[in-house]
Amino acid sequence: MKRFASLLIVFLLTFRVAYPVEGMWLPLLLEQLNEPEMKSMGMRISAEDIYSINKSSLKDAILLFGRGCTAEIISDEGLILTNHHCGYGQIQRHSSLENDYLTTGFWAMDRSQELPNPGLSVTLLVRMEDVTRRALEGVTPDMSEKAREEKIRANIAGIEKEAVEGTHYNARVRPFYYGNEYYLFVTETYNDVRLVGAPPSNIGKFGGDTDNWMWPRHTGDFSLFRIYVNKNNEPADYSPDNVPYRPKSHLPISLKGAEKGDFTFVFGYPGTTQEYLPSFAVEMITAHENPPAIRLRGKRLDIFDNYMNQSDLVRIQYSAKHAGVANYWKKMIGENRGIKRLDAISKKQQLEQGFMQWASATPERSARYGRIIPEFETIYNRLTELSVDETYLIEGALGIEAMRFAYAFGRLAGAAKDKSKDGAETEKIIAQLKQAAEGFFKNYHAPLDQRVFAAMMQDWFAHQETVRMPAGLVKASIPYGTNYDRWASDAFSRSIFANEAATMDLLNGFKSRHARHIENDPLYLLARDVYQHYFEHLQPEMEKLYARRDSLQRIYMLGLMEYQPNRRFYPDANSTLRVSYGQVDDYYPRDAVHYRHYTTLEGIIEKEDPEIYDYVIEPRLKELYRQRDYGRYAAPDGTMRIAFIASNHTTGGNSGSPVLNADGHLIGVNFDRNWEGTMSDLMYDPDQCRNISLDIRYCLFIIDKMAGAGHLVQEMTIIE
Ligand code: ARG
Ligand code: ASP
């Protein structure tokens, strides 16, 4: 009997139940909220090792990269690691037909070859702090929403100013739980960030948009950069005299890999989630906004593909644009399927019913929460109509590149006609527009855009009532009937702004009287109409509805917390530093189908197709495969592991985030989610939601064995 009992205990201890943990948690609160659970899941370090302001901790190695990704410091000489798709814009900007780094890859063989990237910066978190009490000082329940906002804004300004006085830091206070809590973030930004290495696209983007958002995945999605600073190790603008940054902390790298059930966590900058929306909002997004957006993007992508397949120049010009459009196109498709499969809307409705019942139980609750759900319904009914209109403007009209570009010239026409302004103002605008034009035309192909114009207009007129469209645009279409190709060809041949030479002529010889050339330009006129329609007919009403909705959402959030006192609420992602944790885990995407938790190089060989751009294999990689020459980067079973999945709750912005093991060692780089799980921004499903990470061993193998850039691996701290 006794033996049986002790056996049972051993069994219970070794057979850890795998429980995925939903949520993206604040590093500051880990110790209080999550540490026990993280440890019970296998974590061997402490919350303080992850985030501390008293000693160096992992947080000192985590960066916000550019505007929307994460990166991590992996050497004591400021070497940083992120995704290939995060560094894509930079790699593309350094690429030309002669030096096509997108295709061939790029490796700096010494420091002098590392390439500066004007405009790119990375940001470190110095500290964060709960400032709810001060932010809400003087706020009373009976205040109008506007007065409340003003009060909070003034409070926040004071907190931010005080936080950085006498330093070169930046401070921002951000709302959490829809304005029920406020946190201060003090940060330090580095502006001299140089490109160090990137694999060729047939590794870094292997599988391309075809495999994007999918598991099984075989993408070597990484790139390397380095932070440079002045001689005092402080942030500085680019200078040839700058030196590599010496960080407080960098991530050690483990070659031990991860197997099913192993604890992992992701430390990074998730962008946006909306987990606490009412059912009406989820319905608006999935049933009304996503479908036209998906359709319009699909049409643009077909046109992109067509032209990109015909010309290498267009392929380079449009690669980043294509990736951007394709990414959210596919995400929305997955999200809609996931929401349907989860039956998320009825789940939300059930919750709302329970909430209303609970609210009606006492007069106090009913006064505070009783009207929320019906009011949400009224607001979202109207908001849905307006946001469909807005979707057509953004995804349709502004999908036409020349329209967006032409609109910027309105300022020039305005300044030229304004007698009160002197010529200096006009000159300034001209200089700015010249710069914009240079950037625009470098990556612009007018015949492609003209096709997009015809397709967008055709779709818009086919699906929307004309009373809901910009009046001037509808009028302009009349002479063409349904011949959208003819309209497009007329507009593009007569417009200045789809033509580089004409645009430059206008700017170079600009005189005030030329304002009318802008104001009579067909694409400019259409663009002005589109924007005016937005500013006059949509925006004012939407802002009012948003304000009302936001205040309802704030009270609803509070109500939910009261209604479900035992539920652990995490704040929605808002591009602040978070920790997600879970376990390496497989899943069952559909009836009878099982997906293992890792992929191998064999899978790349399986996918090979020399006819399809996304599935061409790098010859050198094939060579290494033939020889099975993986060195110390092989898994214990002799395979080369490419990617793995785990149940960490992540979202856009988490790309490039380090995936760490129980010891806080780097084992992977997060780069995506599985398609079945993309609805996790609206509702998380532990059975289906997985984050996809590059196995760090494949990354090092590529750097070392394939690219021959072993000097970079030498810089890192490797744990074998
Ligand atoms: N889906 C990933 C994320 O949202 C990767 C996107 C880049 N890759 C691509 N093929 N477009 O960012
Ligand atoms: N691929 C996304 C990113 O770039 C990550 C995700 O949405 O899961 O941040």
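Definitions and limits used
All residue numbers here refer to positions counted from 1 along the written sequence of the relevant chain. The order in which chains are written sets their letters, starting at A; the order in which ligands are written sets their numbers, starting at 1. Predicted model: local features are reported for residues with pLDDT of at least 70 only, side-chain atom pairs are reported and counted for 80 or more only, and whole-chain, interface and lining totals are derived from all residues. Side-chain metrics in this entry use all non-hydrogen atoms of the structure; hydrogen atoms and water are not considered. UniProt positions are given in the numbering used here, feature names are shortened, and annotations may be inferred rather than shown by experiment. In this text, helices come from DSSP runs of H or I with a minimum length of four residues, and strands from runs of E with a minimum of two, each type numbered from the N-terminal end. In this scheme, a residue with accessible area under 20% of its type's maximum is buried, one over 50% is exposed, and one in between is partly exposed, where area comes from a 1.4 Å probe on protein chains only. In this analysis, two residues are considered to be in contact whenever any of their non-hydrogen atoms come within 4.5 Å of each other. All accessible areas in this document rest on Shrake-Rupley with a 1.4 Å probe, and a residue is counted as covered only by the protein chains that are shown. Salt bridges are defined as contacts in which a side-chain nitrogen from Lys or Arg sits within 4 Å of a carboxyl oxygen from Asp or Glu. Each polar contact in these results corresponds to two N or O atoms within 3.5 Å; when the atoms are within protein, one needs to be able to donate a hydrogen and the other to accept it, and residues that are neighboring in sequence are counted only if both atoms are side-chain atoms. When at least one non-hydrogen atom of a residue lies within 4 Å of a molecule or strand, that residue is treated as near it. When residue character is reported, Ala, Val, Leu, Ile, Met, Phe, Trp, Tyr, Cys and Pro are called nonpolar, Asp, Glu, Lys and Arg charged, and the others, Gly included, polar. Residues grouped as a nonpolar core are buried Ala, Val, Leu, Ile, Met, Phe, Trp, Tyr and Cys residues, joined through side-chain atoms within 4.5 Å. Two cysteine sulfurs form a disulfide in these notes if their separation is within 2.5 Å. By the convention used here, strands pair only if DSSP detects at least 2 bridges between them. A fitted line through C-alpha atoms represents every axis, and for helices the fit uses only the stretch in contact; the resulting angles, taken between N-to-C directions, go from 0 to 180 degrees. Orientation labels follow simple angle bins: below 35 degrees gives roughly parallel, above 145 gives roughly antiparallel, 65 to 115 gives roughly perpendicular, and whatever is left gives oblique. Only Phe, Tyr and Trp rings take part, Trp by its six-membered ring, and two of them pair if their centres are within 6.5 Å. Stacked means planes under 30 degrees apart, edge-to-face means over 60, and tilted covers everything else. We call a charge positioned over a ring when the NZ of a Lys or the CZ of an Arg lies within 6 Å of the ring centre and within 35 degrees of the ring normal. For a helix, the expected span equals 1.5 Å multiplied by the residue count minus one. Left-handed is the label given to a crossing in which the near helix is rotated counterclockwise from the far helix by less than a right angle, and right-handed is the label when the rotation is clockwise.

As recorded in an unreviewed UniProt entry, the chain goes by the name Dipeptidyl-peptidase, listed as coming from Lentimicrobium saccharophilum. For the record of the chain, the UniProt heading Function (unreviewed entry) holds the text "Catalyzes the removal of dipeptides from the N-terminus of oligopeptides."

Chemist: Please explain the overall build of the chain as it appears in this structure.
Modeler: Helix and strand content of the chain: 28 helices and 20 strands. A principal-axis box enclosing the C-alpha atoms of the chain has dimensions of 95 × 75 × 60 Å. Within the chain, buried positions represent 57% of all 720 residues. Long-range pairs, those at least 24 residues apart, make up 77% of the contacts in the chain between residues at least 6 apart in sequence. In the structure as shown, the chain presents an accessible area of about 31,300 Å², 51% of it carried by carbon and sulfur atoms.

Chemist: What's the story with the pattern of salt bridges in this structure? I'm lost.
Modeler: Between side chains of opposite charge, a pair can form as their charged atoms come close. Evaluation of the coordinates by the stated rule reveals 46 salt bridges. Between Asp-49 and Lys-55 there is a salt bridge whose closest N-O contact spans 2.9 Å. Through salt bridges with shared partners, a single network forms among Glu-77, Arg-111, Glu-114, Arg-226 and Glu-715.

Chemist: Can you walk me through the side chain of Thr-599 in this structure?
Modeler: Relative to the helices and strands, Thr-599 is located in strand E15 (residues 598-600). Once residues within four sequence positions are removed from consideration, Thr-599 is found in contact with Trp-215, Pro-216, Arg-217, His-218, Met-640, Arg-641, Ile-642 and Ala-643.

Chemist: Please explain the side chain of Thr-678 as it appears in this structure.
Modeler: Tracing the chain through its elements places Thr-678 in the loop between strand E18 (666-673) and strand E19 (691-695). A distance of 3.2 Å separates the side chain of Thr-678 from the backbone nitrogen of Glu-335, its partner in a polar contact. The contacts of Thr-678, once residues within four sequence positions are left out, are Trp-213, Lys-331, Gly-334, Glu-335 and Arg-673.

Chemist: Honestly, the site of ligand 2 in this entry has me stumped. Any pointers?
Modeler: Around ligand 2 lies a shell formed by His-85, Trp-213, Thr-651, Gly-652, Gly-653, Asn-654, Ser-655, Phe-671, Asp-672 and Arg-673. Contacts to ligand 2 include Gly-653, whose backbone N or O atom sits 2.5 Å from an oxygen atom. Measuring from an oxygen atom of ligand 2, one finds a side-chain N or O atom of Arg-673 at 2.8 Å. When the free accessible area of ligand 2 is taken as 270 Å², the share hidden by the protein chains comes to 92%. Counted by class, the shell around ligand 2 contains two nonpolar, six polar and two charged residues.

Chemist: What is the right way to look at the nonpolar core in this model?
Modeler: Side chains of a nonpolar character, in soluble globular proteins, are inclined to be buried together. In this structure, Ile-50, Ile-80, Phe-453, Met-457, Tyr-698 and Ile-703 are the most contacted members of the largest nonpolar core, which totals 202 residues. Among the elements that take part in this core, helix H24 (residues 522-563) stands out by supplying 13 residues, more than any other. Within the second largest apolar cluster, twelve residues are counted, among which are Val-131, Val-164, Ala-171 and Tyr-182.

Chemist: What am I meant to see in the site of ligand 1 here?
Modeler: By nearness alone, every residue bordering ligand 1 is listed as His-85, Lys-205, Gly-208, Asp-209, Asn-212, Trp-213, Ala-323, Asn-327, Ser-655, Phe-671 and Asp-672. In this structure, Asp-209 approaches ligand 1 through a side-chain N or O atom, which is 2.6 Å from a nitrogen atom. Surface burial for ligand 1 is 89%, taken as the share of its 340 Å² of free accessible area covered by protein chains. Residues of the shell around ligand 1, tallied by class, amount to three nonpolar, five polar and three charged.

Chemist: Got a minute to help me understand helix H27 (residues 696-706) in this structure?
Modeler: With nine of its eleven residues buried, H27 lies for the most part within the structure. Among the residues of H27, Ile-696, Arg-697, Tyr-698, Cys-699, Leu-700, Phe-701, Ile-702, Ile-703 and Met-706 are the ones counted as buried. Among the residues trailing H27, Gly-708 stands out with phi positive, at a value near 65°.

Chemist: Looking at this model, I keep getting lost on the state of the cysteines. Mind explaining?
Modeler: Note on terminology: disulfide describes a covalent bond linking the sulfur atoms of two cysteines. Taken as a whole and assessed by the stated rule, the structure comprises one disulfide. A sulfur-sulfur separation of 2.1 Å characterises the disulfide bridge that pairs Cys-69 with Cys-86. Since a negative S-S torsion denotes a left-handed disulfide, the Cys-69-Cys-86 link at about -75° is left-handed. Of the two residues, Cys-69 sits in strand E2 (residues 69-73) while Cys-86 sits in the loop between strand E3 (79-82) and helix H5 (88-93), which places them 17 residues apart along the sequence. You can see Cys-699 has no disulfide; the closest cysteine sulfur is in Cys-86, sitting 13 Å from it.

Chemist: What is the right way to read the pairing of E3 from this model?
Modeler: Successive side chains on a regular strand alternate, one facing one side of the sheet and the next facing the other. Going residue by residue along E3, you find Leu-79 and Leu-81 tucked away on one face and Ile-80 and Thr-82 tucked away on the opposite face as well. When E2 meets E3, the two strands line up antiparallel, connected through two bridges. Each residue of the ladder has a partner; that of Glu-72, found in E3, is Leu-81. Hairpin connection from E2 to E3: five residues lie between these consecutive antiparallel strands, with Gly-78 at a positive phi of about 75°. Of the pairings in the sheet, the one linking E3 to strand E10 (residues 223-229) comprises four bridges and is antiparallel in character. The partner of Leu-81 across the bridge, within E10, is Leu-224.

Chemist: I keep staring at the packing of helix H11 (residues 279-310) against helix H15 (residues 372-396) and nothing clicks. Help me out?
Modeler: Direction vectors running N to C along H11 and H15 enclose 10°, while the axes themselves pass 8 Å from each other. Judged on the interaxial angle alone, H15 and H11 are roughly parallel. Touching Phe-280, Ala-281, Met-284, His-288, Glu-289, Pro-292, Ala-293, Arg-295, Leu-296, Arg-297 and Arg-300 of H11 are Ile-373, Phe-376, Glu-377, Tyr-380, Leu-383, Thr-384, Ser-387, Val-388, Thr-391, Tyr-392, Glu-395 and Gly-396, all from H15. Of the residues contributing to the contact of H11 with H15, the split by class is twelve nonpolar, five polar and six charged.

Chemist: Teacher, can you tell me more about the packing of aromatic side chains here?
Modeler: Two descriptors summarise a pair of aromatic rings, namely the distance from one centre to the other and the angle between the planes of the rings. Within this structure, the stated rule accounts for 41 aromatic pairs. On the basis of an interplanar angle of 80° and a centroid distance of 5.9 Å, the ring pair of Phe-355 and Tyr-563 is categorised as edge-to-face. Residue Phe-355 is located in helix H13 (residues 344-359), and its partner Tyr-563 is located in helix H24; the two are separated by 208 residues in the primary sequence. Between Phe-453 and Trp-487, the aromatic rings sit 5.2 Å apart at their centres with planes inclined by 85°, giving edge-to-face as the arrangement. Placement of the pair is Phe-453 in helix H19 (residues 446-463) and Trp-487 in helix H21 (residues 484-494), with a sequence separation of 34 residues. The pair Phe-453 / Trp-487 is uniform in exposure class, with both members buried. Among the aromatic side chains, those forming a connected cluster through ring pairs are Phe-355, Trp-358, Tyr-369, Phe-376, Tyr-380, Tyr-556 and Tyr-563. Sitting above the plane of the Tyr-318 ring, Lys-321 keeps its charged end 4.1 Å from the centroid.

Chemist: Mind showing me how you'd approach the environment of Ile-45 here?
Modeler: Structurally, the position occupied by Ile-45 is in the loop between helix H3 (35-40) and helix H4 (47-50). For the pair formed by Ile-45 and Pro-27, sequence separation is 18 residues and the distance between their alpha carbons is 14 Å. Contact partners of Ile-45, with chain neighbours within four places excluded, come to Lys-39, Ile-50, Leu-58, Phe-265, Ala-662, Asp-663 and Gly-664.

Chemist: I'm lost on H19 in this one. Help?
Modeler: Helical geometry note: an α-helix holds 3.6 residues per turn, so side chains three or four residues apart project in the same direction. Over its 18 residues, H19 extends 26 Å from the first C-alpha to the last, a length consistent with the 26 Å expected when each residue adds 1.5 Å. Taken together, the buried positions of H19 are occupied by Leu-448, Asp-449, Val-452, Phe-453, Ala-454, Ala-455, Met-456, Met-457, Asp-459, Trp-460 and Phe-461.

Chemist: Is there a simple way to think about the packing of H11 against H13 in this case?
Modeler: The description of two helices packed together rests on the angle between their axes and the distance between the axes. Their axes nearest at 8 Å, the elements H11 and H13 cross at an angle of 160°. When the interaxial angle is binned, H11 and H13 end up roughly antiparallel. Helix-helix and strand crossings are classified by hand; for H11 and H13 the assignment is left-handed. Along the contact surface, H11 presents Ser-279, Phe-280, Val-282, Glu-283 and Thr-286, while H13 presents Ile-345, Lys-348, Gln-349 and Glu-352.

Chemist: I would appreciate a short explanation of the pairing of E19 in the present structure.
Modeler: Most of E19 sits out of view: five of its five residues are buried. Here strand E16 (residues 641-646) runs beside E19; their pairing, made up of four bridges, is antiparallel. Within E19, the position partnered with Ala-646 by the bridge is Asn-691.

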